[in-house]
Amino acid sequence: QVQLVESGGGWVQAGGSLRLACAASGPTFSSYAMGWFRQAPGKEREFVAAITWTGGSTYYAHSVKGRFTISRDNAKNTVYLQMNSLKPEDTAVYYCATRRFPGPVVTTKYDYWGQGTQVTVSS
């Protein structure tokens, strides 16, 4: 069973930065892509960013492009989300997830999910 553990969430003032990490583990972990998602109170979970393991191709939601950067460390099976210029509307629980097989990555249809980490941005 694949396990994903997020870390790095917290509270920050608008304009600040946070770096999230997602460590993947499991006896036979393999992945086509890893993604970050978020869910604010009363809203649906939405795609934030994704990266493919092999080629390192990256994808971003329009709302975070230019402010957030996704990266990976294949040796550590870890994906990061560097979040800069944070806004109050970025406040949400952030989840990482893995997609096992090739296919669309700008979607919420991933195979395994972490428990989430809270990010709160105050104005």
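Look above for the structure.
This one's a predicted model, so the numbers in the text were calculated from it and none came from an experiment.

Asker: How do you make sense of the pattern of salt bridges when you look at a structure like this?
Answerer: Two side chains that carry opposite charge are able to pair once their charged atoms sit near each other. Scanning all chains against the criterion turns up four salt bridges. Between Glu46 and Arg38 there is a salt bridge; the shortest N-O distance is 2.6 Å. For Glu46, a relative accessible area of 36% puts it in the partly exposed group. For the salt bridge of Arg67 with Asp90, the shortest nitrogen-to-oxygen distance reads 2.7 Å. Residue Arg67 is found in the loop between β6 (58–60) and β7 (68–73), and its partner Asp90 is found in the loop between β8 (78–83) and β9 (92–99); the two are separated by 23 residues along the sequence.

Asker: Which parts of the structure should I look at to understand the state of the cysteines?
Answerer: What we call a disulfide is simply a covalent bond connecting the sulfur atoms of a pair of cysteines. For the structure shown, the criterion picks out one disulfide. Here Cys22 is linked by a disulfide to Cys96, with a sulfur-sulfur distance of 2.0 Å. Between Cys22 and Cys96, the disulfide has an S-S torsion of 55 degrees and is therefore right-handed. Linking Cys22 in strand β3 (residues 18–25) with Cys96 in strand β9, this pair joins segments that are 74 residues apart in sequence.

Asker: Can you help me understand the sheet that holds strand β1 (residues 3–7) in this one?
Answerer: Each strand in a sheet pairs with its neighbour through backbone hydrogen bonds, running either in the same direction (parallel) or in the opposite one (antiparallel). The antiparallel open sheet is built from four strands, whose spatial order is β1-β3-β8-β7. What marks the edges here is a single partner per strand, and that holds for β1 and β7. Adjacent strand axes in the sheet meet at a mean angle of 15 degrees, parallel and antiparallel pairs treated alike. Two strands pair when backbone bridges link them, and β1 and β3 are joined in this way by five bridges, in the antiparallel orientation. Bridged to Gln3 within β3 is Ser25.

What counts, and where the lines are drawn
Throughout this description, residue numbers start from 1 for each chain and increase along the sequence as written. Per-residue local features are limited, in this predicted model, to residues with pLDDT of at least 70; the limit for side-chain atom pairs, both in listing and counting, is 80 or more; totals at the level of whole chains, interfaces and linings are taken over all residues. The side-chain numbers reported here are obtained from all heavy atoms of the structure, hydrogens and water having been left aside. One speaks of a salt bridge when a side-chain nitrogen belonging to Lys or Arg is within 4 Å of a carboxyl oxygen belonging to Asp or Glu. A simple rule labels every residue: compare its accessible area, found with a 1.4 Å probe on the protein chains alone, to the largest value its type can have, and call it buried under 20%, exposed over 50%, or partly exposed in between. In this description a helix means any DSSP run of H or I spanning at least four residues, a strand means any run of E spanning at least two, and both kinds are numbered starting from the N terminus. We call a pair of cysteine sulfur atoms a disulfide whenever their separation is within 2.5 Å. Pairing between strands is defined by DSSP: at least two bridges between the two strands are required. What counts as an axis is a line fitted to C-alpha atoms, over the stretch in contact for a helix, and the angles between N-to-C directions run from 0 to 180 degrees.

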